[in-house]
Amino acid sequence: MTTRDLTRTSTPSTGTSATGTSTTGAPTSGALARRVRRTGPGRRTAALLTLLALASTTGTAGAVAAPTGAAAAVPTRYAHQQLTWQTCAEEATLECTTMTAPRDWHHPGRGPDITVAVSRHRATDPARRIGTLLTAAGGPGGEGLLRPADHVRNAPALGASYDIIGFDQRGVGHSTRAVCRTTEELRSFFSGDFRDDTPADRARVIAGSAAFAADCEQRSGGLLPFLTTEQTARDIDLLRALLGERRISYYGPSYATMIGAYYATLFPHRIERMVLDSNIGFDDTWERFQSGQPMSFQRRFEEDFLPWLAARDGVYHYGTTPAEAKAHWEARRAALHEHPIVDGRLTLGPNQLDNGTIQGIYRESNGFAQLATALTALDDWPGADPAARTTARRVFGDYLGPGFLAEYFAVTCSDTPWDRDLSHWAARGTENTARWPLVGARTLAFAAVCASWPTPTAPRVRVTGAGLPPTLMLNSVHDPATYYEAALSAHRALRGSRLVTVTGNGDHGQYPGPNACVRNVVESYLLTGAAPADDLTCPSPTTS
C-alpha cells in the first residue's frame, strides 16, 4: 500500500520562440491561453469544446479496449464553466477555485455532478513563463490543493517559469469526498494485533474489513465506483482545457505517478513534459503491486533504519547492532501486545507500533529521528520526557485518517480487479507475517476490504508511452512504498522514459530534495526540455 505521500545527449522537446509559437509553427500553450482569454464567451466556449473534443478523439492510444464514450465531446455545461479565482483561505500565496465535473465521465448525464478544488500559483517571472505545470498528490488519499506553495518554496526556478497548478482529486479534501468512518469508528479497524492468526482472529479481521467496506458504500452516496485513476485523468483534461492550455507539463510523486501515466496514456498529445517521482507499478494491477510491499518495507526497516538506529545507541539506547535494535523493537511490540499503553482516548498497541514505524521510515531526513525518539518514550511511558511522549502520540497515533483511507480503498479496490478468495488471503497473510511482518501482518485486513468492495467497473488502461515525449522517472533503490522493482517494470512499460536511479538511499520522493544530481536533471528537463539520452544513476549525497 502506498500509505502517504510525503513528498515529490538528449533530444529536447519542442522549443518556443520569442513570438509565442513553437519551433514547428504551432501556437504554444501560453499563446493559446492568451488567445482563448481574449475571445468573447461564445468563442471561448467553442474553443474549449474543440480542445476537449480533440483530446477525447486522440486520447485512447495505448488503452486496452477504449473506454466507453472516449470519442464523445464533453457536454457544454462543463466546457462552458468559468473558473473564478480567489485567494486560498489556507494559503495566501495561492489562488483557489472550484471546477465542476461529471460523476461518471462515461455517462455524464447520470447522477449528480462532483466538484474538484483547484489552486494556482502564477509564474513569478511572466516574461520567462514556459507554461503550466500541474502537480498531483500521492496516496491514494493525499490532498494536493496546497502543494504548489511547497513547490514554489522548494523549487523557485520552477515557480518563476511555470504557472503551478494543484488540486484535491475527486474523493478527497475540498473536492467531493468519499465518507467511510469517523476517527473514533476507524480505531476499531486497527485494534488488536494483526499478527494474531487463530481461526477466530482471522474471522474477526475479515468481519471488520467487510464492515468497513459496507460503511463506505452506505455513506458515500453511490460515489465509490467513480473514484478511480481513469476518472481523475479525465478531470485533469477538463481542467487543462478550462485553463486554456493546449498542452501541460506534469509532476507527480508516489500514487500521482499512476495518475500521470494514465493521463499521458489517454491524452498523449496533451503532455509537454512529465516527471514521475517514486513510481507505483502502474503497468499492472494494484493487487500485484501491493503484494510486493511487505518485502520492501521490511527491507527498508532492517537494512536502513535499524543500522541507523544502532549507530546512535548513545542517543537512543536501543542497541549497538541492528540485531540488538531489532530485538529491542520486537520486545517492545510483545509488551504492547500484552499491555497496550492507554493515554486518554489513544491506545498504543502492537498495530499502532507497526503503523508508526511504517510512517517513520519513508524519509530519513524527517522520519528516522522522530521515530527513534517516539520509540524511547514507549520504554518508560510514565517517566518519559514530555516532548518524547508528544512525539510518540503523533507518530503512533496520527496515521491513515478516515478521509485518507476512504480514498485509498476507493481507488485501489476499484481501479483494477482483486482476487476475492479470502482463504487465499488468509494463507498469504500467514506467509507474509512470517517473512515480512511489518506490513505483511495486515495483508488479510487490507485485502479483505477489497474483497468486499463493490465490483470494479473501471476500464483497464494499458500504459505504453505511445505518442509521448521523453518522460523522466525517479526512484530510490530502497524506497519502501514504491519499491524499485516495480519502478523498473513501469519504466519498461512506459516506452521512451528515462529512469534516474538514486543509489545509497531509500527515501520516498526525490524532488525537490538535497540531491543536487536529481535536482539538476529534473530542472534542466522541465525548464529546457532536455531529457537525459539514457537512464542514469544519481548517488545520494551521503555516498557520493
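Caption draft 1: Geometry of the overall build of the protein chain. Looking only at helices and strands, the protein chain features 22 helices and twelve strands. As displayed, the protein chain offers around 20,200 Å² of accessible surface, 53% of which is attributable to carbon and sulfur atoms.

Caption draft 2: Quick look at the pattern of salt bridges. Overall, the coordinates contain 27 salt bridges when judged by the stated rule. Here E91 makes a salt bridge to R153, at a shortest N to O gap of 3.9 Å. Placement of E91 in strand β2 (residues 91–101) and of R153 in helix α4 (residues 147–154) is noted, with a sequence separation of 62 residues between them. Residue E91 is classed as buried on the basis of its relative accessible area, which comes to 17%. Where E184 meets R187, a salt bridge forms, and the shortest distance between an N and an O atom there is 2.6 Å.

Caption draft 3: Molecular detail of the side chain of R389. Note that R389 resides in helix α16 (residues 386–397). Salt bridges are absent for the buried R389, whose nearest opposite-charge side chain, D343, sits at 5.7 Å. In terms of polar contacts, R389 uses its side chain to reach the backbone carbonyl oxygen of A384, at 2.7 Å. Setting aside residues up to four positions removed in sequence, R389 forms contacts with A377, W381, P382 and A384.

Caption draft 4: Geometry of the state of the cysteines. The tally for this structure, following the rule as stated, stands at four disulfides. Disulfide partner of C413: C450, at an S-S distance of 2.0 Å. Between C413 and C450, the S-S torsion sits near -80°, and that sign places the bridge as left-handed. Of this pair, C413 sits in helix α17 (residues 402–414) while C450 sits in helix α20 (residues 443–451), and the two are 37 residues apart along the sequence. With respect to class, C413 is no different from C450; both count as buried. What connects to what in the protein chain, once the bonded cysteines are numbered by sequence position, is 1-2, 3-4, 5-6, 7-8.

Caption draft 5: Spotlight on unusual backbone geometry. The residue after G139, namely P140, is reached through a cis peptide bond having omega -5°. Here P140 lies in the loop between β4 (131–135) and α4. Geometrically, the link from Y511 to P512 is a cis peptide bond, its omega value of -15° lying close to zero. Within the chain, H317 stands out as a residue other than glycine whose phi angle is a positive 55°. If you trace the backbone, H317 turns up in the loop between α12 (313–316) and α13 (322–338).

Caption draft 6: Molecular detail of the side chain of E91. Within polar-contact distance, the side chain of E91 engages the side chain of T93 at 2.8 Å. Sequence-distant contacts of E91, that is, excluding residues within four places in its chain, are made with L146, A149 and R153.

Caption draft 7: Structural view of the confidence of the model for the protein chain. Per-residue pLDDT for the protein chain has a mean of 88; in total, 86% of the residues score no lower than 70. Contacts for the low-pLDDT stretch residues 53–71, under 50 throughout, to residues beyond four places or in other chains number 42 contacts.

Caption draft 8: Just the packing of aromatic side chains, in detail. Counted under the stated rule, the structure contains 26 aromatic pairs. For the pair W308 and F368, a centre-to-centre distance of 5.5 Å together with 75° between the ring planes defines the contact as edge-to-face. Here F368 lies in helix α15 (residues 364–379) and W308 lies in helix α11 (residues 293–310), a separation of 60 residues in the sequence. W308 sits in the buried class, given a relative accessible area of 11%. F368 sits in the buried class, given a relative accessible area of 1%. Centroid distance W418 to W425: 5.7 Å. Interplanar angle 50°. Geometry classified as tilted. We classify W418 as buried; its relative accessible area is 11%. Of the residues examined, W425 reaches a relative accessible area of 3% and is grouped as buried.

Caption draft 9: Highlighting the packing of α17 against α20. Packing of α17 against α20 leaves a shortest axis separation of 9 Å and a crossing angle of 65°. Classified by the angle between their axes, α17 and α20 sit roughly perpendicular to one another. Of the two elements, α17 crosses α20, and the hand of that crossing is right-handed. Residues L405, Y408, F409, T412 and C413 of α17 touch α20, and the partners they reach there are F446, V449 and C450. Its residues assigned to classes, the contact of α17 with α20 shows seven nonpolar, one polar and no charged.

The rules we used
Residues numbered from 1 in each chain as written. Predicted model: local features only at pLDDT ≥ 70, side-chain atom pairs only at ≥ 80, totals over all residues. Heavy atoms only, no water. Helix = DSSP H or I, 4+ residues; strand = E, 2+ residues; numbered from the N terminus. Areas by Shrake-Rupley, 256 points an atom, 1.4 Å probe, with all protein chains shown as cover. Salt bridge = Lys/Arg side-chain N within 4 Å of Asp/Glu carboxyl O. Buried < 20%, exposed > 50% of the residue type's maximum accessible area, 1.4 Å probe, protein only. Lys, Arg positive; Asp, Glu negative; His and termini not counted. Polar contact = N/O pair within 3.5 Å; in protein donor to acceptor, adjacent residues only side chain to side chain. Contact = heavy atoms within 4.5 Å. Disulfide = S-S within 2.5 Å. pLDDT = per-residue confidence, 0-100. Phe/Tyr/Trp six-rings, centres within 6.5 Å; stacked < 30°, edge-to-face > 60°. Axes fitted to C-alpha atoms, helices over the stretch in contact; angles between N-to-C directions. Parallel < 35°, antiparallel > 145°, perpendicular 65-115°, else oblique. Left-handed = near helix turned anticlockwise from the far one by under 90°. Nonpolar A, V, L, I, M, F, W, Y, C, P; charged D, E, K, R; others polar.

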